[in-house]
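Here are the chains, one letter per residue:
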Amino acid sequence: SLNNNVGRQYWEFDQNSGTDEERSHVEDIREHFSMNRFHVKHSSDLLLRLQFAKGKQIEMLEKVKIESEEELVKTTLKMGLRFYSTIQADDGHWPADYGGPLFLLPGLVISLFIMEAMNVVLSEEHQKEILRYLYNHQNKDGGWGLHIEGHSTMFCTALNYVAIRLINGENNVNNEAMEKARKWIIEHGGVTYIPSWGKFWLSVLGVYEWSGNNPLPPELWLLPYFVPVHPGRMWCHCRMVYLAMSYLYGRRYVGPINSNILSLRRELYTTPYHHIDWDLARNQCAKEDLYYPHPLVQDILWEGLHKIGEPLLMQWPLSKLRKKALNTVMEHIHYEDENTNYICIGPVNKVLNMLCCWVEDPDSQAIKLHLSRIKDYLWLAEDGMKMKGYNGSQLWDVSFGVQAILATNLPQEYGVMLKNAHHFIKASQARENSNGDAKKWYRQHSRGGWPFSTVDNGWIVSDCTAEALKASILLSLMPLDIVGEVTAPHRLFEAVDLILSLQNSNGGFASYELTRSYAWLEMINPSETFGDITIDYQYVECTSAVIQALESFKKNYPKHREKEIEACINKALQFIQTIQLPDGSWYGSWGVCYTYGTWFGICGLVAGGYTYENCKSIRKACNFLLSKQLQSSGGWGESYLSSQHKGKRDPTPLKRAAKILVNSQMDNGDFPQQEIIGVFNRNCMISYSSYRNIFPIWALGAYLNEVLLSSKEYHE
Ligand code: LAN
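Within an unreviewed UniProt entry, the label attached to the protein reads Terpene cyclase/mutase family member, and the organism entered is Solanum lycopersicum. Check the Sequence similarities (unreviewed entry) section of the UniProt entry for the protein; it says "Belongs to the terpene cyclase/mutase family."

Enquirer: Where do I start with the pattern of salt bridges in this structure?
Expert: Where charged atoms from two side chains of opposite charge approach closely, those side chains can pair. Considering all chains together, one arrives at 39 salt bridges under this definition. Close ionic contact of Glu129 with Arg132 constitutes a salt bridge, the shortest N to O distance being 2.7 Å. Residue Glu129 and its partner Arg132 are both found in helix H6 (residues 124-136); the two are separated by three residues, about one turn of the helix. Using a relative accessible area of 5% as the deciding quantity, one classes Glu129 as buried. Taking the shortest distance from any N to any O, the salt bridge between Arg282 and Asp279 comes out at 3.0 Å.

Enquirer: What am I meant to see in the site of the ligand here?
Expert: The environment of the ligand is made up of 21 residues, and the closest members are Tyr98, His237, Gly389, Phe452 and Asp463. A distance of 2.3 Å is found between an oxygen atom of the ligand and a side-chain nitrogen or oxygen belonging to Asp463. For the shell around the ligand, the secondary structure elements donating two or more residues are helix H10 (236-251) and helix H19 (462-476). When its residues are assigned to classes, the shell around the ligand shows 16 nonpolar, four polar and one charged.

Enquirer: What is the right way to read the nonpolar core from this model?
Expert: For soluble globular proteins, nonpolar side chains are generally found buried alongside one another. The biggest cluster of nonpolar side chains holds 206 residues, and the ones touching the most others in it are Phe103, Leu166 and Leu248. Phe103 has contacts with Leu146, Phe155, Cys156, Trp197, Val348, Phe530, Phe680 and Cys684, leaving out every residue within four places of it along the chain.

Enquirer: What should I look at first to understand helix H16 (residues 365-372) in this one?
Expert: Residues spaced three or four apart along an α-helix point in a common direction, a consequence of the helix completing one turn every 3.6 residues. Looking only at H16, the buried set comprises Ala366, Ile367 and His370. Take H16 and look down its axis: the buried residues cluster within an arc of 95°, on one side only. Projecting away from the buried face of H16 at angles above 90 degrees are the exposed residues Gln365 and Lys368. Tucked inside the fold, the buried residues of H16 contact helix H14 (318-339) and helix H15 (347-360).

Enquirer: Even after reading the chapter, I still don't get the pairing of strand S4 (residues 384-387), so can you show me in this structure?
Expert: Successive residues of a regular strand alternate their side chains across the two faces of the sheet. Across four bridges, strand S3 (residues 378-381) lies against S4 in antiparallel orientation. Paired with Trp379 across the strands is Lys386, a residue of S4. Where S3 folds back on S4, the antiparallel hairpin that results is connected by two residues.

Enquirer: Explain the state of the cysteines here, please?
Expert: Linking two cysteines covalently via their sulfur atoms produces the bond known as a disulfide. All chains considered together, the criterion is met by zero disulfides. Cys238 supplies the cysteine sulfur nearest to Cys236, a cysteine that is in no disulfide, at a spacing of 9.6 Å. Taking relative accessible area as the criterion, Cys236 reaches 0% and is therefore assigned buried. Here Cys344 is not disulfide-linked; the sulfur of Cys357 is the nearest cysteine sulfur, at 8.0 Å.

Enquirer: Teacher, can you tell me more about the packing of aromatic side chains here?
Expert: We describe a pair of aromatic rings using the distance from one ring centre to the other and the angle between the two ring planes. Tallied over the entire structure, the rule returns 44 aromatic pairs. Through a chain of ring-to-ring contacts, the aromatic side chains of Tyr98, Tyr390, Trp396, Phe400, Phe452, Tyr596, Trp599, Phe600, Tyr688, Tyr691, Phe695 and Trp698 assemble into a single cluster. Over the face of the ring belonging to Tyr249 we find Arg252, whose NZ or CZ atom lies 4.1 Å from the ring centre.

Enquirer: Is there a simple way to explain the side chain of Thr340 in this structure?
Expert: Here Thr340 lies in the loop between H14 and H15. When its relative accessible area of 0% is taken as the criterion, Thr340 is described as buried. At 2.8 Å, the side chain of Thr340 and the backbone oxygen of Glu336 are in polar contact. Engagement of the side chain of Thr340 in a polar contact is seen with the backbone nitrogen of Cys344, the distance being 2.8 Å. Filtering out sequence-adjacent residues up to four positions away, Thr340 remains in contact with Ile345, Asp456, Asn457 and Trp459.

Enquirer: Sorry, what's going on with a nonpolar patch on the surface here?
Expert: A contiguous nonpolar patch, built from Val297, Tyr518, Trp520 and Met523 and spanning about 410 Å² of accessible area, is present on the exposed surface. Relative to the assigned elements, Tyr518 resides in the loop between helix H21 (489-501) and helix H22 (540-556).

Enquirer: For this particular structure, what's the right way to read the confidence of the model for the protein?
Expert: Regions with low pLDDT carry predicted coordinates that are not meant to be interpreted in detail. Across the protein, the average pLDDT comes to 93, with 97% of residues at 70 or higher. The low-confidence segment residues 637-646 (pLDDT under 50) makes 31 contacts with residues lying over four places distant or belonging to another chain.

Enquirer: Would you take a moment to explain unusual backbone geometry for this structure?
Expert: With omega at 5°, the peptide bond leading from Trp316 into Pro317 counts as cis. Along the chain, the position of Pro317 falls in the loop between helix H13 (296-313) and H14. For Cys344, which is not glycine, the phi torsion reads 70° and is therefore positive. Tracing the chain through its elements places Cys344 in the loop between H14 and H15. When its relative accessible area of 0% is taken as the criterion, Cys344 is described as buried.

Enquirer: When you look at the side chain of Glu522 in this model, what are you seeing that I'm missing?
Expert: When you line up the elements, Glu522 lands in the loop between H21 and H22. Buried and without a salt bridge, Glu522 has Arg682 as its closest oppositely charged side chain, separated by 7.9 Å. Side-chain polar atoms of Glu522 contact the backbone nitrogen of Asp532, separated by 3.3 Å. In this view, Glu522 contacts Tyr292, Gly531, Asp532, Ile533, Thr534, Ile535 and Tyr537; residues no more than four positions away in its chain are not counted.

Definitions and limits used
Residues numbered from 1 in each chain as written. Predicted model: local features only at pLDDT ≥ 70, side-chain atom pairs only at ≥ 80, totals over all residues. Heavy atoms only, no water. UniProt positions renumbered as here; feature names shortened; annotations may be inferred. Salt bridge = Lys/Arg side-chain N within 4 Å of Asp/Glu carboxyl O. Helix = DSSP H or I, 4+ residues; strand = E, 2+ residues; numbered from the N terminus. Buried < 20%, exposed > 50% of the residue type's maximum accessible area, 1.4 Å probe, protein only. Near = heavy atom within 4 Å. Polar contact = N/O pair within 3.5 Å; in protein donor to acceptor, adjacent residues only side chain to side chain. Nonpolar A, V, L, I, M, F, W, Y, C, P; charged D, E, K, R; others polar. Core = buried A, V, L, I, M, F, W, Y, C linked by side-chain atoms within 4.5 Å. Contact = heavy atoms within 4.5 Å. Arc of directions from axis to C-beta. Pairing = 2+ DSSP bridges. Disulfide = S-S within 2.5 Å. Phe/Tyr/Trp six-rings, centres within 6.5 Å; stacked < 30°, edge-to-face > 60°. Lys NZ or Arg CZ within 6 Å of the ring centre and 35° of its normal. Patch = residues over 30% accessible without salt bridge, like charges linked within 9 Å, V, L, I, M, F, W, Y side chains within 5 Å. Areas by Shrake-Rupley, 256 points an atom, 1.4 Å probe, with all protein chains shown as cover. pLDDT = per-residue confidence, 0-100. Lys, Arg positive; Asp, Glu negative; His and termini not counted.

As structure tokens, this is what we get:
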């Protein structure tokens, strides 16, 4: 296509790749992971790093004999930057593992099974690696967590068990791991206790009855838009997932039943399948899975819809309405598919939409296009092949990466890294709004915005736009021969226009769109597993990123929409202060957790001109961070850095924090992967494998330039 699929990541098996020695090295790494899997759950994304670093031999540096702190930090940074440069892709982004959630692969496997496309899409090697991954992430007790570090849940235990069974037919039933998994399921009451999304998948597959599901009527889409519960008003992820679910529910679609399916019906329950009380099962949920219990209103609502609404809607004359609703839903699905190049907004609606298209017409062009974009979601690491939480975190990581690199102020080490990254940012900006009747399908503008992953994905995000804008402006201040041609100013203006259009009346910024309904809608969140999914709330991360971007823009382009920018920033600054928690921290919604949120809270306020001296919020936030610094090692000091006024600070905590970063660096310049650090919907964790490079570089860069070098000036 025209954009050349910049940023696209997918794995193919190449039998001839590597030497014997390299192959056995890879096997050793895998072996090591699997031996230690109960202690270290997070892979270090070593396979990609090995392959990328290959052939890009970098001159190694050593830290052992360095005495001055400044030299030590500089050397650490040089090593870090050199290593980081080896894992950059040719198109300028840094590919990284974006796995973590464990409920994604089963959806894909179930869909491919129904479509009889498993062997078409997934090579033998893919299937082998998927099995490796699933077995590697089984907990000691036999179950699977919601994410790689979580305790076992019915949701993921049942679904991953089913996934393994579908990939390998009945071959797998009697191995030890599967027996343990079955035992876990039965001991926890059987799969009638699986939460609603699990009930949905199992129903489609034919191992659970549709009558054991709470209703998901597609007719909701026919409501007038002024009704607050109109799905068009919901958070885009929530509405896109339930859109496709409502189609399959509305049709009560069930895939082909074979002996494997019949056998699963026997394996997963505590009573014979035909004796199950499906009406009771509707509201059962294992306590391990129950993060957001249904409020009473919900139970009453589902009861009414299930017992009275649905039977009516399935019968003439209301069945006509159902038909109309299903057509509308399908039209919407096609719109989403076409506007995202069949990547869709995320991994869940990707496979759901694909399945809907297949149910509608298995020979359609849409199916071919869908199949061609599945691999965009698969990722291989030493723990096996996983499904990513998105089609990658490309643009997000690049925007942070650029800011981190520039913070070091070590121009001689940039190499071509910045030029390539710059190219990636330019190529990833949305040039147009969604095609066709965007408004009809509840899409806001996207022109000028940036997505989280790639331009093909098509969904712009407020803070991704802000972070990319920040990076673009920083790059535009650098010499052309280092960073390449600058972004044309009118593109930056478009980004600003888009950002301004995303501010809510309370001053805060939500993730993808304006907030369109009320927080009480959460009362009808039926997922049990996820919190705060029904509307797009305002977040400290998004609001702070916008303030930072607009402040930087204003300094460099003071004439463009001057007054509106000023007003936007002021309201956003106020909003941030109102959501600060009493202990001085902020709740971070997309990274773990208060430290991440507080980093954004402080950076937003500082960008807006507040200081430690003149702003109580900042002082409280600093005290919060200091109170959380680990006494033994000195970790967590980095955010403290950005908030301090030069000259007056006590550099001791920073020094200790810098020391631990310097000392934890590995010989090749990489940093160790520790526990999982990303999150979404309160309850599910997700990996950001580049963060271990980006943030130490960024923090040490700031430490070098704002503490070591500036205090030198101060003393001089
Ligand atoms: C993401 C990843 C990026 C993240 C940030 C940009 C970091 C954030 O500041 C705004 C929200 C956003 C864009 C975000 C939203 C929720 C996502 C898309 C994810 C965490 C990646 C995966 C997650 C998605 C909902 C996973 C699919 C699961 C469902 C419950 C539908």
